[in-house]
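Next come the chains, spelled out residue by residue.
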Amino acid sequence: MVSWHAMFNDKSRLEQYDKDGNEIPFGKVKERFKDLRSLSISQVERCMEKFYMVSLLDGMFHIDGRCMYLLDTNTYPLKELKNIRPIYFERWLQDFSATSGKPLQHKRLFTAIGFQCNFKGKNVKRYLEVYPSGDCKVRDK
Amino acid sequence: MVLTVTWLEWHGADTPGTSNGEATNNINLGSVDTVDITPAASPVQAGSRSYFKQGIFNFSGSMTQVDNVRAYKSAGAYKTDEVIEFSGGIAVSTPDTSDQTWPSIPTSEPSANVNLPNTTTGALLQADSESTPGYTSGSRTGLVGFQLDTTSNTETGAANQKTISLVYDKQ
């Protein structure tokens, strides 16, 4: 089970599921991208909850309690990062049989969370691929 | 929410835009123009092509956006000169066994190769769902085609089971 959580500059929050369990479309977050302060996902795996967050203020990641920059801050000084925008999506796989049988597996491969920004005229991105196992990989493309 | 992804086909004079299409259990290719082909009953003879399949992938359920949709053959070995050909964007026509001149379907995860109707952004939005003829509450890809090709060099007997994978990004 994975769900996203958004915090905005006015300290208001938006959760993927409201208190009644109704799902809020991610489009509601996209409508307020310019006011987004941080975006996070929580993933429950074997009764353990892991938490992954990215700050849209400076690109810092919080990965299960640990804070880190995934951009080399010497190469990419924080003050020179412009137009920081969030990256979030779920990558899914659906298999179909082309010779027999019925539709096969349908599964989430990973959830991506991170940011992209402009630095000296170029677009730079860093995001995590968070797998159902709880493992994650850093990506820059 | 988890989306439900289904494959819908049109056969004969039944064409997209005029009917709802047919729900399917698979994308089996064979020597007849129908849904859910049983390959053993309608085999493609060596040196022949299957009827091509035209259809769409339909995404049902709550979502804001689907993009980066990719189709490829993820499992199942080909026989000699056997190949599944694929196009992620075709024009409406009546399925037959003529050569559609589509490229071979990738055998590993490619870049996005399935057209999405929202060509401005390349993303499929929930708002792109079609209410007419009204067969679904979801959104769908552009029209997609599959065809199996063999040559006289292809060994006789049943082909190996193959899997077509569809990978997509959802928000």
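Residues numbered from 1 in each chain as written. Chains lettered and ligands numbered in written order. Predicted model: local features only at pLDDT ≥ 70, side-chain atom pairs only at ≥ 80, totals over all residues.

Turning next to the overall build of chain B. Each helix and strand counted, chain B has zero helices and nine strands in total. Written out in order from the N terminus, the α and β elements of chain B read β-β-β-β-β-β-β-β-β. Over its C-alpha trace chain B gives a radius of gyration of 16 Å, about what one expects of a compact globule, namely 16 Å for 171 residues. Structurally, chain B occupies a C-alpha span of about 45 × 35 × 25 Å along its principal axes. Burial analysis of chain B (171 residues in total) assigns 36% to the buried set. Look at the contacts in chain B between residues 6 or more apart in sequence, and 73% of them connect residues 24 or more apart. (Helix = DSSP H or I, 4+ residues; strand = E, 2+ residues; numbered from the N terminus. Rg over C-alpha atoms; globule rule 2.2 N^0.38 Å. Buried ≥ 20, exposed ≤ 12 C-beta atoms within 10 Å, placed from the backbone. Contact = placed C-beta atoms within 7 Å.)

Moving on, we come to the overall build of chain A. When its secondary structure is counted, chain A shows one helix and ten strands. Going residue by residue from the N terminus, the α and β elements of chain A occur as β-β-α-β-β-β-β-β-β-β-β. For chain A, the spread of C-alpha atoms along the three principal axes comes to 55 × 35 × 30 Å. Residues counted as buried form 23% of the 141 residues belonging to chain A. Taking the intrachain contacts of chain A between residues at least 6 apart in sequence as the baseline, contacts between residues at least 24 apart amount to 46%.

To continue, consider the interface of chain A and chain B. Contacts between chain A and chain B engage 23 residues on the former and 26 residues on the latter. Elements represented by at least two residues in the side of chain A that touches chain B include exactly α1 (27-30) and β7 (82-97) of chain A. Sort the elements by how many residues they give to the side of chain A that touches chain B and β7(A) lands first, with ten residues.

Residue and element names in this part refer to chain B. Most of strand β1 (residues 4-10) sits inside the fold, with five of its seven residues counted as buried. The sheet contact formed by β1 and strand β3 (residues 53-60) spans seven bridges and is antiparallel. Paired with Val5 across the bridge in β3 is Phe59. Relative to strand β2 (residues 22-23), β1 runs antiparallel, the two being bridged by two bridges. (Pairing = 2+ DSSP bridges.)

Residues and elements named next belong to chain A. If you walk across this open sheet you meet the six strands as β2-β1-β3-β4-β5-β6, and the pairing is antiparallel. Since the sheet does not close on itself, it has two edges, and those belong to β2 (13-15) and β6 (66-69), each with one partner. Going from strand to strand, the sheet's axes swing by 15 degrees on average, the running direction of each strand aside. Judged from the four bridges that link them, strand β5 (residues 60-63) and β6 form a sheet pairing that is antiparallel. Opposite Met60, over in β6, you have Tyr69 as the bridge partner. (Axes fitted to C-alpha atoms, helices over the stretch in contact; angles between N-to-C directions.)

A few words now on the confidence of the model for chain B. All names here are of chain B. Per-chain confidence: chain B averages 91 in pLDDT, with 95% of residues scoring 70 or above. For chain B, the element scoring lowest by mean pLDDT is strand β7 (residues 139-140), at 88; strand β5 (residues 83-87) scores highest, at 98. Scoring the predicted complex yields pTM 0.92 and, for the interface, ipTM 0.91. (pLDDT = per-residue confidence, 0-100.)

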